[in-house]
Amino acid sequence: MPHVVIDFAEGLEQSHNISQLCETVFETLILDVEINAPALKVRARPQPFFKIGTEPATFAHATLYLLEGRDDETKARLSDIVLKAMDQILPTVGSLSVDVRDMNKVAYAKRVRG
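To keep things clear, this report deals only with the structure shown in the data block. (Residues numbered from 1 in each chain as written. Predicted model: local features only at pLDDT ≥ 70, side-chain atom pairs only at ≥ 80, totals over all residues. Heavy atoms only, no water.)

**Describing the side chain of His3**
And step 1. If you trace the backbone, His3 turns up in strand S1 (residues 3-9).
And step 2. Judged by relative accessible area, which is 12%, His3 ranks as buried.
And step 3. In terms of polar contacts, His3 uses its side chain to reach the side chain of Arg43, at 3.2 Å.
And step 4. Excluding anything up to four places from it in sequence, His3 contacts Lys41, Arg43, Thr63, Leu64, Tyr65, Met103 and Tyr108. (Helix = DSSP H or I, 4+ residues; strand = E, 2+ residues; numbered from the N terminus. Buried < 20%, exposed > 50% of the residue type's maximum accessible area, 1.4 Å probe, protein only. Polar contact = N/O pair within 3.5 Å; in protein donor to acceptor, adjacent residues only side chain to side chain. Contact = heavy atoms within 4.5 Å.)

**Some points on the packing of aromatic side chains**
And step 1. For the structure on display, the rule yields one aromatic pair.
And step 2. Between Phe50 and Phe59, the aromatic rings sit 5.1 Å apart at their centres with planes inclined by 70 degrees, giving edge-to-face as the arrangement.
And step 3. Residue Phe50 is classed as partly exposed on the basis of its relative accessible area, which comes to 33%.
And step 4. For Phe59, a relative accessible area of 12% puts it in the buried group. (Phe/Tyr/Trp six-rings, centres within 6.5 Å; stacked < 30°, edge-to-face > 60°.)

**Describing the pairing of strand S3 (residues 59-67)**
And step 1. Where S1 lies against S3, six bridges are found, and the strand directions are antiparallel. Bridged to Ile6 within S3 is Ala62.
And step 2. Remark: the S3/helix H3 (residues 72-89)/strand S4 (residues 95-103) crossover connection has right-handed handedness. (Pairing = 2+ DSSP bridges. Right-handed = clockwise from strand over helix to strand, strands pointing away.)

Written as structure tokens, this is what we have:
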């Protein structure tokens, strides 16, 4: 596990390569010692309804979900990695942001085949 969920302004998929965004975030994060590549999942989803105050009025926001227990320095480093990867693929987007969330180890459940 971790999971990265990227919400973005609907329509960006027509002007930016969202598949490449997922690939870049994935490939950049797995270089960090905190990330277990086989457990990492990156996904993106368009948001059709939004209002923001930036020009251009476009956004992408990544939420990085990690199992609890990492210190603030690690979370900040991983957040910065994701933001830089997003900026590489989405340089003309009005607002880019990243948030890191802890997931409860006891409550997290997972099943993997093969």
